Amino acid sequence: MCRIFISSKTTGMRKLFVFTTILFLTVASAAQKTIAIKCGKLLDTHSGQTLSNQVILVKGNLIENIVAATDFKQKTDSVIDLSAYYVLPGLIDCHTHVLLQGDITSEDYDVQLLKESIPYRTLCASRSAKIALESGFTTIRDLETEGALYADVDVKKAINNHVIPGPRMFVATRSINTVGHYPITPKDYNWELDWPKGVQEINGADEARRAVREQLAHGADWINIYADRGYYKLPDGSYRSHPNFTTEEIMAVGDETLKSGKKFAAHAVTRDGILAAINAGASTIEHGFGMDDECVQLMLKKGIYWCPTIYVCDYVAEGRARTGSPINKYFMETLPAVFKKAMNAGIKIAYGTDIGGYSWDEPEAKDFEYMVKYGMTNMQAIQTATNVAAQLLDMEGKIGELKTGAFADIIAVKQDPLKDIKALEQVQWVMKDGLVYKTSK
């Protein structure tokens, strides 16, 4: 009996070894396969040039080489013909919320936190991620879950493990604010109940440090804070707001984040939040609709990135004005001048939409139109979502460019986006990490 048991176990182990070996060889073989992509037009976002009749050689999940079609003689495992398309790097959105599905009014927001469970919202987030990828955004920075705790880490994990399709994700988990300065607030509901919060609330520098540590321990790639609130316009046309943190609190967030080797983003709309966040070590300013000259100069001096999120401001303006808050309408009147001032000064402008703040059924590429209308060339606008965004994420040379050694994140559109920026709202073909997720119609 003992000898039979040992023999059976040995046979099982041999079978397992054979299966594992075959699986390893199969995966290894797939990883070595080479794909040739024939490009009619290739947008080199680094040089700003458009090249004709190029071939991108993809091996595994990387770009192995790019050569002129006339020089292409290499034998490959397969060929993809995009000779009728304009080919460019996968786009990068530096400000998304996959766990949100649009919230023009506070009621829209409250419904998601009060009537939808975190598992349900995570299922919706998987749809959001798929939409982003099929819209040509192969990388996103998701700046907090708005009450869904660490569900963005799970969405990222599911994408990385090929459970669901989606972009490469950098996540910020919960976001940080001080007590009483973010919805849901007890004054709006029965104060006897413990209402869910859209952020992690803190009081004092010690709690600020604890929040940063907790979020990093749960898988946050970035820390995100809400630096100001209560925006208003002065008679001279300038904007102000109420800062959310004491100096000690915001400095503690910055110190704990930076000494952990991470970076933090700041939702900051006027000088009251922007200057405090930059002085605390923020790497990016989100929104910044009401920034003034001093903000522009400090951002330029310290190399701070700006994610303008223009379309969401326009999207919510009318609805919020009807409920008695016209501030977004005011911002939209002055934002063109703010954008031009920042652009002409040389501030590093990175593409960020705040999608999730508006419906995922709206085009994620909509902000490009505003950027061009406000003074950028089409190529400059595209570069905000490629080269510049890659630099913001410390991924320069790996994403946002079509070059040897970069990840094989490639998209194709039918029309020339340098002539019509709206072509980016109609992405026909998507590859991420060497895998095709959307094919041309």
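Conventions adopted
- Residues numbered from 1 in each chain as written.
- Predicted model: local features only at pLDDT ≥ 70, side-chain atom pairs only at ≥ 80, totals over all residues.
- Heavy atoms only, no water.
- Buried < 20%, exposed > 50% of the residue type's maximum accessible area, 1.4 Å probe, protein only.
- Helix = DSSP H or I, 4+ residues; strand = E, 2+ residues; numbered from the N terminus.
- Pairing = 2+ DSSP bridges.
- pLDDT = per-residue confidence, 0-100.
- Contact = heavy atoms within 4.5 Å.
- Axes fitted to C-alpha atoms, helices over the stretch in contact; angles between N-to-C directions.
- 1 Å grid on protein atoms, 1.4 Å probe; cavity = no way out; pocket = protein on both sides within 12 Å on 5 of 7 lines; lining within 4 Å.
- Points joined across faces, edges and corners; volume = space filled by probe spheres on them.
- Nonpolar A, V, L, I, M, F, W, Y, C, P; charged D, E, K, R; others polar.

1. Brief notes about the pairing of strand 1 (residues 34–44)
Okay, step 1: Among the eleven residues of strand 1, eight are classified as buried, and the element is accordingly described as predominantly covered.
Okay, step 2: Where strand 1 meets strand 2 (residues 49–59), ten bridges bridge the pair, whose relative direction is antiparallel. Among the inter-strand pairings, Lys-41 is bridged to a residue of strand 2, identified as Ser-52.
Okay, step 3: Remark: four residues form the turn of the hairpin made by strand 1 and strand 2, two consecutive strands paired antiparallel; Gly-48 in that turn has positive phi of roughly 85 degrees.
Okay, step 4: As paired strands, strand 1 and strand 4 (residues 78–89) are joined by seven bridges and run parallel to one another. For Ala-36, the partnering residue across the bridge sits in strand 4 and is Val-79.

2. As for the confidence of the model for the protein chain
Okay, step 1: Looking at the protein chain as a whole, its pLDDT mean stands at 93, while 93% of the residues score no less than 70.
Okay, step 2: Considering only residues more than four positions removed or in separate chains, one finds that residues 1–13, a stretch of pLDDT under 50, has zero contacts.
Okay, step 3: Considering only residues more than four positions removed or in separate chains, one finds that residues 15–30, a stretch of pLDDT under 50, has zero contacts.

3. Considering the sheet that holds strand 3 (residues 62–68)
Okay, step 1: Read from one edge of the open sheet, seven strands run 3-2-1-4-17-18-19, paired in mixed fashion. If you trace the sheet from one side to the other, it starts and ends with strand 3 and strand 19 (435–438), each paired once. For this sheet, the mean inter-axis angle between neighbouring strands, taken without regard to orientation, is 35 degrees.
Okay, step 2: Here strand 17 (residues 410–413) pairs with strand 18 (residues 427–432) via four bridges, running antiparallel. Counted as the bridge partner of Ala-412 is Trp-429 from strand 18.

4. Here's the deal with the layout of surface pockets
Okay, step 1: The volume enclosed by the largest pocket comes to roughly 1,200 Å³.
Okay, step 2: For the largest pocket, the lining is made up of 41 residues, of which Asp-103, Tyr-182, Pro-183, Tyr-231 and Arg-320 are closest to its centre.
Okay, step 3: If you list the elements that add at least two residues to the lining of the largest pocket, you get helix 2 (106–115), strand 10 (222–226), strand 11 (228–233), strand 13 (263–270), strand 14 (284–290), helix 9 (310–322) and helix 10 (327–345).
Okay, step 4: Along the lines of polarity and charge, the residues of the lining of the largest pocket split into 15 nonpolar, 17 polar and nine charged.

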